[in-house]
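Notes for the structure review
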Amino acid sequence: MKIDWAALGSVFGVSLVVTVALVGLFTLGIVGLSKQESASAQGGGSAVLARTGAYACFALCAAAVSYGIYLIVV
């Protein structure tokens, strides 16, 4: 049995980068929702922008997860 260490390292690297990117994107969505709550309490107009950005982050996370499931199934 021969292990292709280059392919294994490549898969590990891509998995690590994608995982960190998804966690960062989800964190930005949570921060956007928390900023939206503080902005609406102060009466600022940036509440809509913060909520829209947060929803966009969550949508990108859902799209990435859906694409990963698609790659596994197909």
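Each remark here, short or long, concerns the structure printed above.
Owing to the predicted nature of the structure, the values given are computational and were not obtained by experimental measurement.

Concerning the overall build of the protein
Within the protein one finds two helices and zero strands. For the protein, the proportion of its 74 residues judged to be buried stands at 12%. Within the structure as shown, the protein displays about 5700 Å² of accessible surface, and the carbon and sulfur contribution to it stands at 74%.

Considering a nonpolar patch on the surface
The grouping of Val65, Tyr67, Ile69, Tyr70, Leu71, Ile72, Val73 and Val74 at the surface amounts to a nonpolar patch, some 910 Å² of accessible area in total. In this fold, Tyr67 is placed in helix H2 (residues 47-73).

Cut-offs used in this document
Residues numbered from 1 in each chain as written. Predicted model: local features only at pLDDT ≥ 70, side-chain atom pairs only at ≥ 80, totals over all residues. Heavy atoms only, no water. Helix = DSSP H or I, 4+ residues; strand = E, 2+ residues; numbered from the N terminus. Buried < 20%, exposed > 50% of the residue type's maximum accessible area, 1.4 Å probe, protein only. Areas by Shrake-Rupley, 256 points an atom, 1.4 Å probe, with all protein chains shown as cover. Patch = residues over 30% accessible without salt bridge, like charges linked within 9 Å, V, L, I, M, F, W, Y side chains within 5 Å. Salt bridge = Lys/Arg side-chain N within 4 Å of Asp/Glu carboxyl O.

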